[in-house]
Amino acid sequence: MTALTLGEVERRRLSEAEARVDQAKRSSAARQQRTRWTLVAPALIVVGLFGIGPLLIMLLYSFLEPGTYGGVRWEFSTDAYVQFLFERDLFDETKLLFTDSYLLIVGRSILLAFVTTIICLILGYPTAYFMATRPASQRNFWVFLITLPFWTNLLIRTYAMFVILRDDGIINNALLNMGLISSPIPIMFTDYAITIGLLYAFLPLMVLPLYASLEKLDFRLVEAGFDLYASRGSVLRRIIVPLSKPGIVAGCILVFIPAIGAYVTPTLMGGGKQLMIGNLIALQFQGARNWPFGAALALILMLVVLIALLFYTRNATRQQAALHG
Amino acid sequence: MASVAASAPERRRRRFDLRKQPGFGFMAALCLLVLYAPIMVLIAYSFNETRSVSQWQGFSLDWYVKAFANKEIQEAAWNSLQIALVATVIATVCATMAALATTRTRPWRGMTTSYMVVNLPLMVPEIVTAIATLIFFALLYAALGISFGIGNLMIAHAVFCVPFAYLPIRARLEDMDRTLEQAAADLYATPWQTFRRVTLPLMMPGVTAGATLAFVVSFDDFTITLMLAGPGQTTLPIYIWTSLRRGISPEINAMSSILLVISVILVTASFLLGRRRK
């Protein structure tokens, strides 16, 4: 009888103690959660208020009427989006005529960014592979060499390219002096010049993710390929490239996104003649003074970027599913 | 005898390098040439004697003397420095705190969101950030009459510097193991003491590396500054831009070379700091 009661008391005490521990755990978890939010708060406030806030206001502005001297009039309007595809008839304001001039600029931006991405891949893949197969002690130095130009001023680097490619730049001068050409090749202010500029600007962004995935490559698989009498070419095509696909996708996205939104490169290398969407957006705030249209164009650019990012995440999750599934 | 005969083909087999792909080394060299040749040419012609930036006439330091004596350049350099320093401090403090909360823990509610918000500035094209911030400050001024002057630029720079400071700090923290902090707690250190005496010194190389990158990114920023800068807020890249419109001269090369060298020194320092072990 007594023994039973004792056991009961014991048990009750135990459960009380457990409850207390539980509560302590819960309150410490709550405290921990509070600390975490306090720690991330400054970053969230700075980026949220001055990074995301402006993007939302931009969205709002794209649905307003343009003011006469820049700025906006606070009247709801979808004109900015309509203007992207149509222009109003000169004589009949209600008639809309389809125009492809803005669509062409967006199309050109996508095309130039795409071509840049492909050339970056062709140049960057062998480079990344070469880096990944260096002895471990040299690899960091290679990474440093490839990254360094990326951290230097983009305007200055573009200017450097500009000076070289000009009609009386050193390339044309050298070719003239050697007698290979009789008059300078006019490359500046063309789509070629923009592509070269973009390539030069964003090449490091292609090499680094490629290197990251090639460095992890399991060379036993390559050896197995050689054991099965594969040639170097087919080992590369059927083993190395498929295994580094995540790096290829990441590199392409990392080059494509800044390339399509580029402003400095097309402004300098295109000389304001060959516009990309970045120039068109900036123009709405400089000469044309149509802020809502500029905001709408910026949102269209964001949309293209978002599609590219979605493509990337879908690819990455599929890759993960393939690994774990 | 037999062993010697067996080792010869083995040696030959070992010489077969299964990692080698023909021509890839050449492409790597080509990449480096593409990346570095234009910069080298730019620096070389900053020492040119005449106004030409593509015809070599002779060595001279005149353009550097001119650049250093130029009042406008001095003012622009001072603006750049002020903006970069303030932006770096704000970004580094935010990034360090955020990194402490988002590394070395089990996932918590809101962690992924925080991570995405912190890194968002990397995903938005620079021109979009530029005009969005322009609209924001214009609205702030029109609606409330608030303008921070050069502070506008400092805030805008701080925003896009946050992820650049965050990533190296996070990388450093993830490399550190928890046992030292646990040992400190076992020895009755308060959480603050543990942070002050153990965590902070250990993560310091990451913080310095992050701050350096933030400084470089702010110091070199062009697009966002171009859209936001009012009169009297010219930074060095903006000054280079306006002089480019007036015409190319080795003085621009000289100024550019100075900026390049500053970036290279800082990035090298950051790279070495980030790699240093305990």
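Residues numbered from 1 in each chain as written. Chains lettered and ligands numbered in written order. Predicted model: local features only at pLDDT ≥ 70, side-chain atom pairs only at ≥ 80, totals over all residues.

### Side note on the overall build of chain B
- Tallying secondary structure elements over chain B gives 12 helices and 0 strands in all.
- Secondary structure elements of chain B occur, N-terminal to C-terminal, as α-α-α-α-α-α-α-α-α-α-α-α.
- The C-alpha radius of gyration of chain B comes to 25 Å, more than 25% above the 19 Å expected for a compact globule of 278 residues.
- Projected onto its principal axes, the C-alpha positions of chain B cover 85 × 65 × 30 Å.
- In chain B, which comprises 278 residues, the share counted as buried stands at 41%.
- A separation threshold of at least 6 residues defines the contact pool for chain B, and within that pool the share at least 24 residues apart is 77%. (Helix = DSSP H or I, 4+ residues; strand = E, 2+ residues; numbered from the N terminus. Rg over C-alpha atoms; globule rule 2.2 N^0.38 Å. Buried ≥ 20, exposed ≤ 12 C-beta atoms within 10 Å, placed from the backbone. Contact = placed C-beta atoms within 7 Å.)

### A few points about the overall build of chain A
- Looking only at helices and strands, chain A has 13 helices and 4 strands in total.
- Along the first, second and third principal axes, the C-alpha set of chain A runs to 115 × 70 × 35 Å.
- Out of the 325 residues in chain A, the part that is buried amounts to 38%.
- Put simply, 68% of the contacts in chain A that link residues at least 6 apart link residues at least 24 apart.

### Here's the deal with the interface of chain B and chain A
- Contact residues are listed per partner, giving 72 residues for chain B and 74 residues for chain A.
- Ranked by residues supplied to the side of chain B that touches chain A, first place goes to helix 2 (residues 24-45) of chain B with 14 residues.
- Considering only residue class, the side of chain B that touches chain A consists of 58 nonpolar, 10 polar and 4 charged. (Nonpolar A, V, L, I, M, F, W, Y, C, P; charged D, E, K, R; others polar.)

### Here's the deal with the domain arrangement of chain B
Residue and element names in this part refer to chain B.
- Each assigned domain of chain B is listed here: domain 1 (22-60) and domain 2 (72-275).
- Between the C-alpha centres of domain 1 and domain 2 the distance comes to 30 Å.
- With 8 residues of domain 1 at the interface, the matching set in domain 2 holds 8 residues.
- When grouped by side-chain class, the residues that make up the side of domain 1 that touches domain 2 number 5 nonpolar, 2 polar and 1 charged. (Domains from an automatic or database assignment.)

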